There are 2 protein chains.
Amino acid sequence: MSEDEIEAAAGASVDPDARHAEKMRKKKAVRDKILATKTVEKGLIIVHTGKGKGKSTAAFGMVFRSLGYGLPVAVIQFVKGAWETGERFALERFGDLVSINAMGEGFTWETQDRQRDIAAARRAFETAKDLIRAGEHHLVLLDELNIVLRYDYLPLQEVLNFLTTEKPPHVHVVITGRNAPDGLIEIADLVTEMEMIKHPFRSGVKAQKGIEF
Amino acid sequence: MSEDEIEAAAGASVDPDARHAEKMRKKKAVRDKILATKTVEKGLIIVHTGKGKGKSTAAFGMVFRSLGYGLPVAVIQFVKGAWETGERFALERFGDLVSINAMGEGFTWETQDRQRDIAAARRAFETAKDLIRAGEHHLVLLDELNIVLRYDYLPLQEVLNFLTTEKPPHVHVVITGRNAPDGLIEIADLVTEMEMIKHPFRSGVKAQKGIEF
């Protein structure tokens, strides 16, 4: 038999559209089978880390997605300046559905005062604990918590213990910032690393409204 | 001289807080110097790619950031199902500021009809071109365009030509989807790869409202 005859005998089509349809049918079957095994619902510990853009921005995308459903959200900002303006104005449209808590005193390289930063981190974490324990929010965003952990402004073990033992099962927690500690990655359910492939800073482009802030 | 004397002579402090303050002062000085060289403002071509989560979500974060400033945004959805519900409800809060164009016919592995997908991709791209050329939106999101390019539903070169020669200089364009083609990465200003480090699917957790969709 020729190759064509073999193909015809096997019922395979040489028409690219039909071949595509067959390939897609198979993909869909595999995907449906996988999805059927996913039945657990639980509040996730989600980490966005890496040197690239989009860690806080993707977290804010999740915040707006939850708000879109009318699900309440709390944001605790551990470092000032990471988001301030665009997001805040947009969040304010959702009124009581969202609790915004800007606890940071400024970027660590702006304040230059370690004791003040440690005190601010502590206040922010106590607020975060109260909000998470209360269980009233579908999603709690701990924005730039990784920065605070990186500088040892909060004991990592205390944060991990809280998340693993005191977070109500239905509450989703999203933690952002570079250099997520290994211990946090270990207890997390979903970890994404944002990697910088190309950045316009290299061509002298400055941070722009609605894009970077 | 002893080491301590050398340090004292150099004006360096051994107090950890003072040392921290000095380190941060230096960091800030470097940062300020770099920022001063960034003076260009222009509409960027931004690409979110990679296998991890957060590509469309971070793009939506940017959309809401722009909307927060009252800047108009257009969204063209090349693949149906990538976002539908949470984001759409949230976008609707911003009324006329946002133009939503759901052009995809369904995930490619749902439709299994290549010709219909090609026609849908073409309609979506024509809409995208009109919206970008008009220059009325601060940001135009071409959601999941990379998927369409991956399947050769649109000629890559045509898309690249349009972006490099017809996009008005002030318009930001964000393109999302896995497998961004090399040619697109080449013409882009800002490229971030979302890498999956850990995913809850592996522990049988299903997609959840406000988190995945």
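Quick notes on the rules
- Residues numbered from 1 in each chain as written.
- Chains lettered and ligands numbered in written order.
- Predicted model: local features only at pLDDT ≥ 70, side-chain atom pairs only at ≥ 80, totals over all residues.
- Heavy atoms only, no water.
- UniProt positions renumbered as here; feature names shortened; annotations may be inferred.
- Helix = DSSP H or I, 4+ residues; strand = E, 2+ residues; numbered from the N terminus.
- Salt bridge = Lys/Arg side-chain N within 4 Å of Asp/Glu carboxyl O.
- Buried < 20%, exposed > 50% of the residue type's maximum accessible area, 1.4 Å probe, protein only.
- Contact = heavy atoms within 4.5 Å.
- Expected span 1.5 Å × (residues − 1).
- Polar contact = N/O pair within 3.5 Å; in protein donor to acceptor, adjacent residues only side chain to side chain.
- Pairing = 2+ DSSP bridges.
- Buried area = accessible area lost by both parts, 1.4 Å probe.
- Nonpolar A, V, L, I, M, F, W, Y, C, P; charged D, E, K, R; others polar.

Turning next to the UniProt feature "domain: Cob(I)alamin adenosyltransferase N-terminal" (unreviewed entry) in chain A. Mapped onto the present numbering, the UniProt feature "domain: Cob(I)alamin adenosyltransferase N-terminal" (unreviewed entry) falls on residues 15–34 of chain A. Along residues 15–34 of chain A the backbone is 95% helical and 0% strand, and the end-to-end C-alpha distance reaches 29 Å.

Time to look at the pattern of salt bridges. Where charged atoms of side chains with opposite charge meet at close range, the side chains can pair. Inspection of every chain in the model, using the stated rule, returns 20 salt bridges over all chains. Taking the shortest distance from any N to any O, the salt bridge between B:Glu22 and B:Lys26 comes out at 3.7 Å. One end of the pair, B:Glu22, and the other, B:Lys26, are both in helix H2 (residues 16–36), 4 residues apart, so they sit about a helical turn from each other. We classify B:Lys26 as exposed; its relative accessible area is 54%. A salt bridge links B:Arg122 to B:Glu126; the shortest N-O distance between them is 2.9 Å. Pair noted here: B:Arg122 and B:Glu126 are both in helix H6 (residues 114–134), with a separation of 4 residues, about one helical turn. With relative accessibility at 28%, the residue B:Arg122 sits in the partly exposed group. One network of salt bridges, with partners in common, ties together A:Arg122, A:Glu126, A:Lys129 and A:Glu158.

For the rest of this paragraph, the subject is the environment of A:Leu156. All names here are of chain A. Tracing the chain through its elements places Leu156 in helix H8 (residues 156–165). Overall, the relative accessible area of 29% leaves Leu156 in the partly exposed class. The spacing of Leu156 and Asn146 is 10 residues in sequence and 9.7 Å in space, taken between C-alpha atoms. Contact partners of Leu156, with chain neighbours within four places excluded, come to Leu149 and Pro181.

For the rest of this paragraph, the subject is helix H6 (residues 114–134) of chain A. One turn of the α-helix equals 3.6 residues, which is why residues spaced by three or four share an orientation. All names here are of chain A. With 21 residues, H6 ought to run about 30 Å at 1.5 Å a step, and its terminal C-alpha atoms sit 30 Å apart, in line with that. Buried residues of H6: Asp117, Ala120, Ala121, Ala124, Phe125, Ala128, Lys129, Leu131 and Ile132, and no others. Looking at where H6 begins, the residue whose side-chain oxygen comes 3.3 Å from the main-chain nitrogen of Gln115 is Asp113. Phi turns positive, to about 70 degrees, at Gly135, one or two residues after H6.

Moving on, we get to the pairing of strand S2 (residues 73–77) of chain B. Residue and element names in this part refer to chain B. Taking burial as the measure, the 5 residues of S2 include 5 buried ones, the bulk of the element. Covered by surrounding structure in S2 are Val73, Val75 and Gln77 together with Ala74 and Ile76, the residues of both alternating faces. Note: S2 against strand S3 (residues 98–102), 5 bridges, orientation parallel. Its bridge partner lying in S3, Gln77 is registered against Ala102. The pairing of S2 with strand S4 (residues 139–143) spans 5 bridges and is classified as parallel. Counterpart to Gln77 in the pairing with S4 is Asp143.

At the junction of the two partners, chain A supplies 77 residues and chain B supplies 77 residues. Summing the contributions of chain A and of chain B, the shared interface buries around 7,400 Å²; its carbon and sulfur component is 59%. Put simply, A:Glu87 and B:Arg65 hold a salt bridge, and the shortest N to O gap is 2.7 Å. Where the side of chain A that touches chain B is concerned, the elements lending two or more residues are helix H2 (16–36), helix H3 (55–68), helix H4 (86–92), helix H5 (108–111), H6, helix H9 (182–187) and strand S6 (190–198) of chain A. Ranked by residues supplied to the side of chain A that touches chain B, first place goes to H2(A) with 10 residues. For the side of chain A that touches chain B, a count of residues per class yields 33 nonpolar, 22 polar and 22 charged.

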